[in-house]
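Structure at a glance
Next come the chains, spelled out residue by residue.
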Amino acid sequence: MEIRIVADEEQRGEVVADLVEQMLREAGSAPVTLGLATGSSPLPAYTELIRRHRENGLSFAPVNAVLLDEYVGLPAEHEQSYHRFIRDSFTAHIDIDDRAVLSPNGCAADPDAEALAYDRRIREGGGVDLQILGIGSNGHIAFNEPGSSLASRTRVVSLTRSTISDNARFFDSAQSVPQRAISQGLGTIGEARRIVLTASGEAKAEAIAQMAEGPVSARWPATTLQFHPDVTVVIDEAAASRLELDDYSRLHREPGTAGAGADHTAR
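Read on for a plain summary of the structure. (Residues numbered from 1 in each chain as written. Predicted model: local features only at pLDDT ≥ 70, side-chain atom pairs only at ≥ 80, totals over all residues. Heavy atoms only, no water.)

**So, the overall build of the protein**
In terms of helices and strands, the protein carries seven helices and 12 strands. Rg of the C-alpha trace for the protein: 18 Å, near the compact-globule value of 18 Å for 267 residues, within the 12% margin. Its C-alpha atoms give the protein principal-axis dimensions of roughly 55 × 40 × 35 Å. Here the protein holds 267 residues, and 55% of them are scored as buried. Pairs at least 24 residues apart make up 76% of the contacts formed inside the protein by residues separated by at least 6 positions. As displayed, the protein offers around 11,600 Å² of accessible surface, 49% of which is attributable to carbon and sulfur atoms. With 25 positive and 39 negative side-chain charges, the protein shows a spacing of 3 Å between the two charge centroids. (Helix = DSSP H or I, 4+ residues; strand = E, 2+ residues; numbered from the N terminus. Rg over C-alpha atoms; globule rule 2.2 N^0.38 Å. Buried < 20%, exposed > 50% of the residue type's maximum accessible area, 1.4 Å probe, protein only. Contact = heavy atoms within 4.5 Å. Areas by Shrake-Rupley, 256 points an atom, 1.4 Å probe, with all protein chains shown as cover. Lys, Arg positive; Asp, Glu negative; His and termini not counted. Charge placed at Lys NZ, Arg CZ, Asp CG, Glu CD.)

See below:
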């Protein structure tokens, strides 16, 4: 697991965007699958990727995208559905075919069958080449709450009180937040060829420390990423504040330059 500690939100977005752009340029015209997270953590990266598309001609035409999760009971057009979120915040602003952006159907008559079908679609599509992740304050990734099996597949999950509270800011009240979601499982996520997790703020510091330095445990679901061979974590100083090891890289901008500058290791 490689951890990169950055100075601010702008640089956090730039570093994640660099990794996505590298994948796209290495693939050339070959199709690739990008796993997309929702929520506030990846927004700086999406903003930067939109800028690169508009100003630098970065193309997403060969890309297929898959979402991590969707609320059960929210139609695709609902303003808080993840189907709509990812379009409003990212994919509607780049040159990806909207039909290539896949997400679970939160209004499926049989959510359990929909979860199984979604997992199968990801696998039959060749899997995810690069998965963007956020992390919850309780260590969840996607909607894999504490206690989730580390080998879990895409399924219907019940949300914990802490996750409902975290997401209440996007709804009228905590009572308006759906209680269940269809979520890729930890086993499904772990099959992505590369994973980029990004987070900011003191509220995520304990989860980051447990993920990187704690024992692998269902108590902190993100710790399963310790088993993955290619994980990059991009976080700010606040999110890194509870890390104890001293060999994580800090990225600093050199005076008068844009984007990520020199890579210094110190703590």
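**Observations concerning the nonpolar core**
Here is a general trend for soluble globular proteins: nonpolar side chains tend to be buried in one another's company. Core analysis: the largest hydrophobic core is formed by 76 residues, its most contacted members being Phe60, Ile208 and Ile235. Per element, the largest residue contribution to this core is seven residues, and it comes from helix H1 (residues 9–27). Once residues lying within four places of it in the same chain are set aside, the contact partners of Ile235 are Ile3, Arg4, Ile5, Val6, Arg12, Ala199, Ile208, Ala240 and Leu243. (Core = buried A, V, L, I, M, F, W, Y, C linked by side-chain atoms within 4.5 Å.)

**A short note on the pattern of salt bridges**
Opposite charge on two side chains permits pairing when their charged atoms draw close. Within the structure shown, the criterion is met by 20 salt bridges. Here Asp97 ties to Arg99 by a salt bridge, and the two come within 2.8 Å at their closest N and O atoms. A relative accessible area of 36% places Asp97 in the partly exposed class. Assessed through its relative accessible area of 72%, Arg99 is described here as exposed. (Salt bridge = Lys/Arg side-chain N within 4 Å of Asp/Glu carboxyl O.)

**Quick notes on the side chain of Ser249**
Residue placement: Ser249 occurs in strand S11 (residues 249–251). A distance of 3.2 Å separates a polar side-chain atom of Ser249 from the backbone oxygen of Ile3. (Polar contact = N/O pair within 3.5 Å; in protein donor to acceptor, adjacent residues only side chain to side chain.)

**Looking at the environment of Ala113**
For Ala113, the position within the fold is in helix H4 (residues 111–124). What makes Ala113 partly exposed here is its relative accessible area of 37%. With 60 residues separating them in the primary sequence, Ala113 and Ser173 have C-alpha atoms 30 Å apart.

**A short note on the packing of H1 against helix H2 (residues 43–56)**
Close contact between H1 and H2 brings their axes to 7 Å; oriented N to C, the two are set at 60 degrees. If you check the angle between H1 and H2, you find them oblique. In this structure, H1 meets H2 at a crossing whose hand is right-handed. Contact residues: Glu9, Arg12, Gly13, Glu14, Val16, Ala17, Asp18, Val20 and Glu21 in H1; Pro44, Ala45, Glu48, Leu49 and Arg52 in H2. Its residues assigned to classes, the contact of H1 with H2 comprises six nonpolar, one polar and seven charged. (Axes fitted to C-alpha atoms, helices over the stretch in contact; angles between N-to-C directions. Parallel < 35°, antiparallel > 145°, perpendicular 65-115°, else oblique. Left-handed = near helix turned anticlockwise from the far one by under 90°. Nonpolar A, V, L, I, M, F, W, Y, C, P; charged D, E, K, R; others polar.)

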